[in-house]
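Take a look at the letters that make up each chain.
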Protein chains: 2
Amino acid sequence: MYGRYTQDLGTFAKDEAARLRLQEGDTARPRRPSELLEYSQGRCAPCRVCALQCQRFLISKVGEDWVFLILLGLVMALVSWAMDFAIATCLQAQKWMYGGLDTNVLLQYMAWVTYPTVLITFSAGFTQILAPQAVGSGIPEMKTILRGVVLKEYLTLKTFVAKVIGLTCALGSGMPLGKEGPFVHIASMCAALLSRFLSLFGGFYENEARNIEMLAAACAVGVGCCFAAPIGGVLFSIEVTSTFFAVRNYWRGFFAATFSAFIFRVLAVWNKDEETITALFKTRFRLDFPFDLQELPAFAVIGIASGFGGALFVYLNRKIVQFMRRQKTINRFLMKKRLLFPALVTLIISTLTFPPGFGQFMAGQLTQKDTLVTLFDNQTWAKQGINDEFEYLGILEAWLHPRSNVFVTLVVFILMKFWMSALATTIPVPCGAFMPVFVIGAAFGRLVGESMAAWFPDGIHTDSNIYRIVPGGYAVVGAAALSGAVTHTVSTAVIVFELTGQISHILPVMIAVILANAVAQSLQPSLYDSIIRIKKLPYLPELGWGHQEKYNVRVEDIMVRDIRYVTLNCKYRDLQQVLHSTKMKNLPLVESAESMILLGSIERTQVGALLSNQLSPQRRLLTLRQKVLSEDGHRLSDSSIRFQISTETSSGTPARPALRKPLKPALKRVSSSPADSPPAGSTDHTGIALKSLFCANATTEPTEAQGTAYHKAKRVRISIVEEMILGDKMTPAEILEWEEQQLDQPVDFSSAKIDPAPFQLVEHTSLHKTHTIFSLLGLDHAFVTSIGRLVGMVSLKELRKAIEGSLTGKGVKVRPPLASFRDSTASTTEADTTALHQLWDRHQHHHMPREAGPGGDDDDDTTKGQ
Amino acid sequence: MYGRYTQDLGTFAKDEAARLRLQEGDTARPRRPSELLEYSQGRCAPCRVCALQCQRFLISKVGEDWVFLILLGLVMALVSWAMDFAIATCLQAQKWMYGGLDTNVLLQYMAWVTYPTVLITFSAGFTQILAPQAVGSGIPEMKTILRGVVLKEYLTLKTFVAKVIGLTCALGSGMPLGKEGPFVHIASMCAALLSRFLSLFGGFYENEARNIEMLAAACAVGVGCCFAAPIGGVLFSIEVTSTFFAVRNYWRGFFAATFSAFIFRVLAVWNKDEETITALFKTRFRLDFPFDLQELPAFAVIGIASGFGGALFVYLNRKIVQFMRRQKTINRFLMKKRLLFPALVTLIISTLTFPPGFGQFMAGQLTQKDTLVTLFDNQTWAKQGINDEFEYLGILEAWLHPRSNVFVTLVVFILMKFWMSALATTIPVPCGAFMPVFVIGAAFGRLVGESMAAWFPDGIHTDSNIYRIVPGGYAVVGAAALSGAVTHTVSTAVIVFELTGQISHILPVMIAVILANAVAQSLQPSLYDSIIRIKKLPYLPELGWGHQEKYNVRVEDIMVRDIRYVTLNCKYRDLQQVLHSTKMKNLPLVESAESMILLGSIERTQVGALLSNQLSPQRRLLTLRQKVLSEDGHRLSDSSIRFQISTETSSGTPARPALRKPLKPALKRVSSSPADSPPAGSTDHTGIALKSLFCANATTEPTEAQGTAYHKAKRVRISIVEEMILGDKMTPAEILEWEEQQLDQPVDFSSAKIDPAPFQLVEHTSLHKTHTIFSLLGLDHAFVTSIGRLVGMVSLKELRKAIEGSLTGKGVKVRPPLASFRDSTASTTEADTTALHQLWDRHQHHHMPREAGPGGDDDDDTTKGQ
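Residues numbered from 1 in each chain as written. Chains lettered and ligands numbered in written order. Predicted model: local features only at pLDDT ≥ 70, side-chain atom pairs only at ≥ 80, totals over all residues. Heavy atoms only, no water.

Caption draft 1: Main features of the packing of helix H5 (residues 105-130) of chain B against helix H7 (residues 157-172) of chain B. Residues and elements named next belong to chain B. It is at 8 Å that the axes of H5 and H7 come closest, and there the two elements cross at 170°. Between H5 and H7, the crossing angle belongs to the class labelled roughly antiparallel. Facing Tyr115, Leu119, Ile120, Phe122, Ser123, Phe126, Thr127 and Leu130 of H5, the residues of H7 in contact are Lys158, Val161, Ala162, Ile165, Gly166, Cys169, Ala170 and Gly172. The residue inventory of the contact of H5 with H7, partitioned by class, reads 11 nonpolar, four polar and one charged. (Axes fitted to C-alpha atoms, helices over the stretch in contact; angles between N-to-C directions. Helix = DSSP H or I, 4+ residues; strand = E, 2+ residues; numbered from the N terminus. Parallel < 35°, antiparallel > 145°, perpendicular 65-115°, else oblique. Contact = heavy atoms within 4.5 Å. Nonpolar A, V, L, I, M, F, W, Y, C, P; charged D, E, K, R; others polar.)

Caption draft 2: How the structure looks around the confidence of the model for chain A. All names here are of chain A. Residues with a pLDDT of 70 or more make up 70% of chain A, whose mean pLDDT is 73. No element of chain A has a lower mean pLDDT than helix H35 (residues 819-823), at 31, and none a higher one than helix H18 (residues 471-487), at 93. Predicted confidence is poor over residues 806-835, with pLDDT under 50, and the contacts of this stretch with residues over four places away or in other chains come to 62 contacts. Scored below 50 in pLDDT, residues 845-866 makes 34 contacts in the model with residues more than four places away or belonging to other chains. (pLDDT = per-residue confidence, 0-100.)

Caption draft 3: How the structure looks around a positive patch on the surface. Residues and elements named next belong to chain A. A contiguous patch of positive charge on the surface is contributed by Lys328, Arg332, Lys336 and Lys337. Structurally, Arg332 can be placed in helix H13 (residues 328-336). Overall, the relative accessible area of 53% leaves Arg332 in the exposed class. (Patch = residues over 30% accessible without salt bridge, like charges linked within 9 Å, V, L, I, M, F, W, Y side chains within 5 Å. Areas by Shrake-Rupley, 256 points an atom, 1.4 Å probe, with all protein chains shown as cover. Salt bridge = Lys/Arg side-chain N within 4 Å of Asp/Glu carboxyl O. Lys, Arg positive; Asp, Glu negative; His and termini not counted. Charge placed at Lys NZ, Arg CZ, Asp CG, Glu CD. Buried < 20%, exposed > 50% of the residue type's maximum accessible area, 1.4 Å probe, protein only.)

Caption draft 4: Structural detail: the packing of aromatic side chains. Inspection of the entire model under this criterion finds 31 aromatic pairs over all chains. Both rings, one in A:Trp81 and one in A:Phe85, keep their centres 5.5 Å apart while their planes meet at 25°; by these two values the pair is stacked. Of this pair, A:Trp81 and A:Phe85 both sit in helix H4 (residues 65-100), four residues apart, which is roughly one turn of the helix. Here the aromatic rings of B:Tyr98 and B:Phe354 are separated by 6.3 Å at their centres, their planes lie at 85°, and the arrangement is edge-to-face. Of this pair, B:Tyr98 sits in helix H4 (residues 65-100) while B:Phe354 sits in the loop between helix H14 (340-353) and helix H15 (368-375), placing them 256 residues apart in sequence. The two residues B:Tyr98 and B:Phe354 agree in class, both being buried. Taken together through their ring pairs, the aromatic side chains of A:Phe227, A:Phe236, A:Phe376, A:Phe434 and A:Phe438 make up a single cluster. (Phe/Tyr/Trp six-rings, centres within 6.5 Å; stacked < 30°, edge-to-face > 60°.)

Caption draft 5: Seen up close, the state of the cysteines. If you walk through the whole model with that rule in mind, you get zero disulfides over all chains. Looking at A:Cys190, it has no disulfide partner, and the nearest cysteine sulfur is the one in A:Cys225, 9.0 Å off. Just so you know, B:Cys431 is unpaired, no disulfide at all, and the nearest cysteine sulfur is the one on B:Cys169, 13 Å from it. (Disulfide = S-S within 2.5 Å.)

Rendered as structure tokens:
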């Protein structure tokens, strides 16, 4: 189980490489003392020895976790700070342009609109050209990657550059976009690149498990250094990316995120932006009486409303994407002019926010950061706003329109920003939706808070002291609740505490966040899950709250019973048939069709390799030559020995490529090292029958179908073969005949890589447990066995179908027609004992022939059980 | 795999029970409409229908998660609040007594000393008598239980009562003890009891997985309502109790802990203790400039020193326990007078804290809560203490001894409390160590803070503004760091934020906590792990940071190769031999000694049952009678049919006991339902040979060795047998002979319960991955297979040894002599293919005899690989 063969091969190759290097070291080391002895005659000998030792010590330390984490934190803090600086400059440039042209409204409008349009268009074009993978949030992809799936090109330098520059431009435009999601992706790429870089010094960065752990830490760093919120960052990244979390990683995440947040804030202090390290959006609510107990219903209302709002946001976002895709005319047009859509959206949004125009009713001139600062402000706008005892923030005036009401402004702001954000996040630039949603939530909270303040001008508390209502506190609650509802997380609560630097509203925030989550989770998937579905990434849906029926659905109800398998004593023709008839990536290897005892699983590529090896022209020529030679009567034994040797040496070679590319294979699941770089022209030599076989479905995965073992064996043997190829004088008819002959031979599995213990489930395993195991171990398929006998298979697909089916149809859909009948008889235990009994009988009577065939076998089983 | 048969049997039984109940319902339901029809002639018919529907609706809701979580939160909040109230009353009573007797120092001393001694002695005696399991923290036990191990009597009502009352008395005595750990235990017991209670209404509380999830949530509730810290509670409970955490549970924890904390604080408001909901130990540090960047080194120093201190505390605590155990004279004396040790320790500690005595130099008169309030105080004691511009808290004077220095008081306090706490937590009463450590940490932080304040009286900042140093902030940092170091958690940081209601010191706290953890983790295990080791609970040590060698040790290096197994075609004599030769609880079932193909695993109890069944006097008498009857020539076929039927009915019976005891089996791993209550006198009927077998090691587990299937079959058959037993006229010699005959028969496995897919690993699986899988799935053993063939076994023991061995010996110890040799040849891949090849060969040649035996097989394998 789980100890995949390919993986083990990878580790083996790495170990081998390490050993070889060690041996090199051993042969090199004896020289060193003598070198040193020579030097020791000189004066600086001790220094040199010391320097050498230091160097060696440092290199040995480079491999340690904490060095990596510190470096990661440092780099990410620098990136975050530099990006913030660049974004701030961009936004200031816009403001300056807008402010400088205040004589002419038209010019002002042109400047206000053109600037973001150009930036967004550039961002979209740049990412499109350099790395289309950089588009969007990145959290859905990271979730999938941490689940163990390989997404190509998602963690490369190119994507990193595209994402950083694209994100800076996109945020610099002032559109309602966020940086949190992309930062998770950026941090992960940074970790991947860093790990690749550090592996130049030490060999420790080549382990798959470790890389996944580091990626998990990187996600925490991403959120942590984006908001200077280490704790919230760790928790948010856990909630968003993981199903099961190792407490080990939690540690790494905390360490790196704290360091990163620290450096991020220290940079601000050194840059004289701040006097000391404080929160990003510092609030100054009173500490002694933050809120009254009787205000709690209002907070609960915020939570519930945010839940509905969050679900609506996710729904709206998805509908916009789906609408753009479905409308074929729009779609075709947009596919041609890829940059038109971003430009158009930006144009609309920036037109609406133009301050002298409609923007005056929705505080359009404020940047996202200014908006948040004003919303979290301590004062009450509605009533006490007239009092001049408070000194106003200058930017606060944006909310107080002379001819309008604060409430109207807030309502307009919320409504406009809501659809704007939902629309803007569909633009194909690197962007997140967390911050926009956070702002909308804050505005909504402020609205409720202002209403409360207007309703109870002297506070609710009836005792001697008058404690006025603090609308800023409501804004904090609203921000946490809405962002929690959209992302389906509770850790937004922690993020707001860290962002505002105050934890006094902990209970209202927690209550609102939990209510918002409860509502939103029952209505819609989270934004990230929604994107995962839209992008059709391989995922496993969560089991929701209280779906008790999950405990009653069993694997036998959802498994695929009619699966293809490979038997130990099969012929090559059978292999061919199996490859034709199924698209499964892993084929079960059973002892025989009668016993069906599962021995292991063999990859599809391996089966292909076995076949192609059997039908390879080299082999054909070899037999041809042997036939010729046997007429001569000599050299036959010699060549067969050479063949043997060449196979053995070939099994040692994969070490090198694995060493050179330490990260990629570590992040790859399916088919590791040697198949990565097939030698050019390797596909040319396959036989006709094989070609006809692959033509059926080879167009989709031509390199994958070409097997690992095949290349390996071939690369070495090619030198022997080269001379033979000249003697290929067989006609196509002869070749076909020869291939037909070959197909009738029994398969020799000795050269194939077999996973000796694929993951197994039992028929009675509950869906709940299956889900847990699949999530825990990141499986994509598992075989179902009954006392060693293969009876079926469950893959992610079936599991997903079962969960989603029962989520909508309440557990009815997934049960096959016979399930209810089966339930009503005391069958299950009996079935097993019967099956065992049969096996035992069979054993006793020395392989008595039974009704063969896997399908028949299974049916037989279930019917007998009843 | 992992779908344990026993477990599945349990679920099956439950399903069966549910079905039966449903059937009952079905048969009962048809009546109801007619009943209602009768009523419908009356007037209140609609009301009744409505009431019935309401009732049904309510009952259906009772089963849902959130109802359970709300109830749990509510109950725990009430318990916590009531306990706090009782403790406060106790402490006030002591203060009142001490205050009232201020005329006579001797009387005062007597009162001061006697009161806690009586309380502690009562607490120790009470828990000793009612439930000794209630002693101590409870977190180590919960960790073990959540790992999947069954600890008897740990979650019962008796223990609950003992723990609540014992803890109240212990804390009421004013000893340096905490309530956090016990609260985790109390909450878990509460969850277990609640789940048992609610299962009276609905059938949903009978699932093992769900119970574990609920226990995890309960742990969070425990911490959450103890400190009114929901977020910190969830995180702390995750860090302390889990290795892998399901994000699903995180949710449940948050929900329940928030609700609990909310109610806990609302109760305080309703009781007029507080004006509104605020933090437990509210601080009022300034928000705009909480600390200077240049103070960070001081915070780092606190962190590192706390790390050493924490490790020392754990070491001291363990040494005290070990000393008490090793000293045989002391031990024997204490065993006799169990209450003497608690009384003695209390006497010593309370004597030293006597305020007019030595206590005046260590603020002895302050309770734990007062101490914390003063330590977190805003003012500086050392310099500005003379200024009268600040209004003092009255209790603050305890620290300012007229003839002494604040620094001296603090140092004395820290030193004395350190050993006192380490000693006090070894008293056999329900108590935790978190709070005492927290207080010591706060004092240490305060000490550093006061020193800094004395050193830089006007603050470090050199700019225009003068920001004085806030020693209270240092106290917060110190408290988080030391408690983090002792428990090896970082979430203490979150707990202090929630406790103090201020998050402004987030970065210093995080830095100090991380440093403290780094130091402490490299020196000592956590306090809880230390207790786990002392109590010898079944546990799996964590893999530490950066143990790269873990990735290189493989399962083949640590597995047990020489394991006993059961073959499909074995004789009863073989079973007997296997039972004699091994103590393994699960025996692998292989196809044959030649093929060694793993078919499943069979429990030891099952094997015992098979044997006892074969040798049972009933069977003997049956054969005897059959022999007699066959002479008559009839009824033979009839009785064999009846036998068959009786076995079938018996497989349906376990439903009932599983239904009646919903919680226990759910928490049990090994051997579920039917063996729980063996019918009286069932051990009497076993045969002589069997008795001799069990005499070898039956003293340790007599009921366990008596098998499940045996009882089941017997309970039904006993009626048939009763009449036969009268005819037992065989002499012992005859019986022996008959038994010998029986032993030579091949085993009939049809009645045995077999786990059809035990967990399998591959030889090359790394130790790191093995550890992960064991922790993830909560395994206690796994079989090692190579292409379906059993080659070894790994249990928790081997794994633990390997991890601990390599922790001390750096990976050298665990490698067997041949490992290095094996490494230096390209063996592994070859070995596998060779083994497969052999299997294939064997298959081709139709079971050619091979060199048999499992040990020989393995050696063969490795040598061939070289």
